[in-house]
Amino acid sequence: MLGTEKNFTTSSVTRAAFLLSLPAMFELLIESLFVVVDLVYVSRLGDNAINIAGMTGSVILIIYAVPVGLNIAASALIARRIGERDLETAGLTAVQSIYTGVVIAVLFGTGCMFFNKEILHAIGATEILVREGDLYTKIRFGCIIFLVLRMLMNGIFRGSGDAAMAMRTFLLAFVVNAAAGGILIFGWGPIPALGLTGAAIGNGIGNLAAVTYQCWYLGQKKTILVIGRRQFNIVPAIMHKLLKLGAAGTLQYLIPASSWLLMITIVAQLGEATLTGYIIADRIIVCATLPAWGIANAAGVLTGQNLGARQPERAAQSVWKTGMFNMCFLGLISLVLLLFTRPLVAAFSSEAAVVDNAILYLRCMAVAFFFFGYTMVISRSLNAAGHVHVVTLLYILMFYIIQLPLAYILGIRAGMGSKGIFGAILLSEIILAVCCILVFRKGRWKNISI
């Protein structure tokens, strides 16, 4: 938790997995609280605010795909270099990824700010939603650069084995966002209540505080990475490697992000109550599963560092042990969701139709949680090994070939409504888990050089 150990290629596999997983879990547990607090705040502003925030978030997820792909590449390369003990090249890779992330964030953020209304119209927002969410979306899109940098640098810290720093960064972002968001949304003393606009400003301030802290930490040279004058030079060869590996990672992330956006358009055909219930349930699911992604991230770091140290069998052991731990953790989360579904949903909405749809979706996904454990760990580990294109193909199978077509056929064409849509999502998640396990067992990822 203090971040004193950065190399995990020599101690026992169980100890290494635990040391990396613990701060990673806490980081994403904090992020889940981030999501919950944001949803609680916004839900107090009405269904329109929930839908505006949900739709805007879906667009940001699409934009997020490019830096996430870059993050996958940077984390994999840095972890591999750390395992090889080439700390200077690891630092060089980190700086090159930051350069690229800044350019991408500025281009996409600026473009979305200017065309925010057109974007909302394109994803099915009504004229009322577009008008009410105008300023909110502009601020959120304008602050994308802070979101991207915070995410990208946390990925660099995790790849270098400094999961504790990533945890502390997000803790800072959460505290600042929770405080600033609450004050700006509802008002306090001389500060007026800004409503939904306050939520956007609070979010931006939280991410800005986190990025400032990250830059200070790197400047103090407290990481295992070597970052000196040479690391700040632009190195085309490393950038080319980052972009090549990151392209598949971008597509990989873009597939589920765009699928979620398309799923919103399908669910929206069943009415606003169904859409609101789906968005509320989806936010709860994101919150519940985020700590598990922390465990998966730890497995990815262990895979990369051990492959760099030429210990592929140790890497495989790390994945299986971490996967079992993750499955048990998500099993407990699933039990909680099944037992307390209605009270959880009731905290965000009191409308009967909204609550019923949210409960249905949560109960379907609670079953899928038992499969998520290995899916998360294996996909992160394959990415860290440089097997990014295989995970991308698996995502195409799950989302575009199975989930979306089946959801539309069952939910809309066959008239099954939300039951058909949510059932299709559950089935696709099960298929993805089985495919991930089969691919990993073949072992081709052990021989990839990056």
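Residues numbered from 1 in each chain as written. Predicted model: local features only at pLDDT ≥ 70, side-chain atom pairs only at ≥ 80, totals over all residues. Heavy atoms only, no water.

Colleague: Run through the packing of helix α7 (residues 144–159) against helix α9 (residues 196–219), naming residues and quoting values.
Modeller: Two elements in contact, α7 and α9, have axes separated by 8 Å at closest approach and are oriented at 40°. Classified by the angle their axes make, α7 and α9 are oblique. Pair α7 / α9 crosses with left-handed handedness. Across from Phe146, Leu147, Leu149, Arg150, Met153, Asn154 and Phe157 in α7, the residues of α9 making contact are Gly204, Asn207, Leu208, Ala210, Val211, Gln214, Cys215, Tyr217 and Leu218. For the contact of α7 with α9, a count of residues per class yields eleven nonpolar, four polar and one charged. (Axes fitted to C-alpha atoms, helices over the stretch in contact; angles between N-to-C directions. Helix = DSSP H or I, 4+ residues; strand = E, 2+ residues; numbered from the N terminus. Parallel < 35°, antiparallel > 145°, perpendicular 65-115°, else oblique. Left-handed = near helix turned anticlockwise from the far one by under 90°. Contact = heavy atoms within 4.5 Å. Nonpolar A, V, L, I, M, F, W, Y, C, P; charged D, E, K, R; others polar.)

Colleague: Residue-level account of the side chain of Ser379, with values.
Modeller: Within the element layout of this structure, Ser379 appears in helix α14 (residues 352–384). What makes Ser379 buried here is its relative accessible area of 0%. One polar contact links the side chain of Ser379 to the main-chain carbonyl oxygen of Thr375, over a distance of 2.9 Å. At 3.0 Å, the side chain of Ser379 forms a polar contact with the backbone oxygen of Met376. (Buried < 20%, exposed > 50% of the residue type's maximum accessible area, 1.4 Å probe, protein only. Polar contact = N/O pair within 3.5 Å; in protein donor to acceptor, adjacent residues only side chain to side chain.)

Colleague: Would you mind going over the pattern of salt bridges in detail, with residue names and values included?
Modeller: Under the counting rule described, the total for this entry stands at four salt bridges. Among the salt bridges present, the one from Asp134 reaches Lys138, with a minimum N-O distance of 4.0 Å. Here Asp134 and its partner Lys138 are both found in helix α6 (residues 134–142), four residues apart, which amounts to about one turn of the helix. In this structure Asp134 comes out as buried when scored by relative accessible area, which is 19%. Here Lys446 ties to Glu313 by a salt bridge, and the two come within 2.9 Å at their closest N and O atoms. Residue Lys446 is found in the segment after α16 (418–442), and its partner Glu313 is found in helix α12 (residues 312–339); the two are separated by 133 residues along the sequence. Under the relative-accessibility criterion, Lys446 is labelled partly exposed at 26%. With a relative accessible area of 47%, Glu313 lands in the partly exposed category. (Salt bridge = Lys/Arg side-chain N within 4 Å of Asp/Glu carboxyl O.)

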